[in-house]
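So you can see what is in the structure, the chains are spelled out below.
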Amino acid sequence: NAGVMQNPRHLVRRRGQEARLRCSPMKGHSHVYWYRQLPEEGLKFMVYLQKENIIDESGMPKERFSAEFPKEGPSILRIQQVVRGDSAAYFCASSASGGVTEAFFGQGTRLTVV
Amino acid sequence: KNEVEQSPQNLTAQEGEFITINCSYSVGISALHWLQQHPGGGIVSLFMLSSGKKKHGRLIATINIQEKHSSLHITASHPRDSAVYICAVRHYSGGGADGLTFGKGTHLIIQP
């Protein structure tokens, strides 16, 4: 049973390009969380999704950022027109259900905007 | 808004020492997680607890709900324990989904 898989592990984008980050949850998990870790800062919640639904996106910037978790395939975090301030590590976690359950984290995607 | 404070921010110790990392939070929670992150690496969940104490190998986590405080202890510390240890809380949500609120982490270095 593979863990939470994120790809790519490292992503370099020029300012203005789009970044797509993928997260495949653990087998049997239908709840996905995205978190961002800025340099020298703690992790911050971005968005919580279940299959085909965004449950809570209160941590997502209002512009340029979007997330989806389709019926088939991985969850995608998309950042349009990236800026240098988007450079960070983006982590995905999955759980079997919401609420008080163990959450398993992926290895993260380190985005660098040049 | 729940604030999560960790102390110390940085800790350097000698191999074999007993390590304690503290976490305090401001409002009621349903669970608290201790996470480990190695430099450039992913995040590993060490413990999830809502009361009492849990032990796994050389790691012990305790929580005092009344005092809104948790501690992570490492016995017989080893250089491979060097990592960032992160406390995260899951607060009660009003029916919507919730994510975790994280402390800024404790940078632990164990010297041989």
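The structure this text deals with has already been given above.
These lines cover the structure that appears in this document, whether it is placed above or below. Remember, predicted model here, so these are calculated numbers, not experimental data. (Residues numbered from 1 in each chain as written. Chains lettered and ligands numbered in written order. Predicted model: local features only at pLDDT ≥ 70, side-chain atom pairs only at ≥ 80, totals over all residues. Heavy atoms only, no water.)

This part is about the overall build of chain B. From N to C terminus, chain B includes 0 helices and 11 strands. Tracing chain B from N to C terminus, the helices and strands come up as β-β-β-β-β-β-β-β-β-β-β. Taken over C-alpha atoms, the radius of gyration comes to 14 Å for chain B, in line with the 13 Å a tight globule of 112 residues would show. With respect to the three principal axes, the spread of C-alpha positions in chain B is 50 × 30 × 20 Å. Each of the 112 residues in chain B was classed as buried or not, and the buried ones make up 49%. (Helix = DSSP H or I, 4+ residues; strand = E, 2+ residues; numbered from the N terminus. Rg over C-alpha atoms; globule rule 2.2 N^0.38 Å. Buried < 20%, exposed > 50% of the residue type's maximum accessible area, 1.4 Å probe, protein only.)

A separate point is the interface of chain A and chain B. At the junction of the two partners, chain A supplies 21 residues and chain B supplies 20 residues. Our enumeration of links across chain A and chain B arrives at 0 salt bridges. Where chain A meets chain B, there are 2 residue pairs in polar contact (both at pLDDT 80 or more). Of all the secondary-structure elements, those providing two or more residues to the side of chain A that touches chain B are strand S4 (31-37), strand S5 (43-50) and strand S6 (53-56) of chain A. Element by element, the count of residues in the side of chain A that touches chain B is highest for S5 of chain A, at 4 residues. Split into classes, the residues belonging to the side of chain A that touches chain B amount to 10 nonpolar, 6 polar and 5 charged. (Contact = heavy atoms within 4.5 Å. Salt bridge = Lys/Arg side-chain N within 4 Å of Asp/Glu carboxyl O. Polar contact = N/O pair within 3.5 Å; in protein donor to acceptor, adjacent residues only side chain to side chain. Nonpolar A, V, L, I, M, F, W, Y, C, P; charged D, E, K, R; others polar.)

Our next topic: the layout of surface pockets. Space inside the largest pocket adds up to approximately 570 Å³. For the largest pocket, the lining is made up of 29 residues, of which Gln37, Glu40 and Glu41 of chain A together with Gln37 and His107 of chain B are closest to its centre. Those elements that place two or more of their residues in the lining of the largest pocket are strand S9 (88-95) and strand S11 (109-113) of chain A together with strand S9 (83-91) and strand S11 (106-111) of chain B. Considered class by class, the residues forming the lining of the largest pocket number 12 nonpolar, 13 polar and 4 charged. (1 Å grid on protein atoms, 1.4 Å probe; cavity = no way out; pocket = protein on both sides within 12 Å on 5 of 7 lines; lining within 4 Å. Points joined across faces, edges and corners; volume = space filled by probe spheres on them.)

For the rest of this paragraph, the subject is the pairing of S5 of chain A. Residue and element names in this part refer to chain A. Taken across its 8 residues, S5 has 6 buried, putting it largely inside the fold. As paired strands, S4 and S5 are joined by 7 bridges and run antiparallel to one another. Residue pairing for S5: Arg36 is matched across the bridge by Lys44. Between S4 and S5, which pair antiparallel one after the other, the connecting turn spans 5 residues, and Glu40 there sits at a positive phi close to 65°. Where S5 meets S6, 3 bridges bridge the pair, whose relative direction is antiparallel. When the sheet's bridge partners are listed, Tyr48 is paired in S6 with Asp56. Between S5 and S6, which pair antiparallel and follow one another directly, the connecting turn spans 2 residues, one of which, Glu52, has a positive phi of 65°. (Pairing = 2+ DSSP bridges.)

A word on the sheet that holds strand S7 (residues 59-64) of chain B. Residues and elements named next belong to chain B. Judged by pairing direction, the sheet is antiparallel, and its 5 strands sit side by side in the order S1-S3-S8-S7-S6 without closing on themselves. The open sheet terminates on both sides in strands that have one partner only, identified here as strand S1 (4-7) and strand S6 (52-56). Neighbour to neighbour, the strand axes of the sheet diverge by 15° on average, direction disregarded. Where strand S3 (residues 19-25) lies against strand S8 (residues 69-74), 6 bridges are found, and the strand directions are antiparallel. The residue bridging Ser24 from the neighbouring strand is His69, located in S8. (Axes fitted to C-alpha atoms, helices over the stretch in contact; angles between N-to-C directions.)

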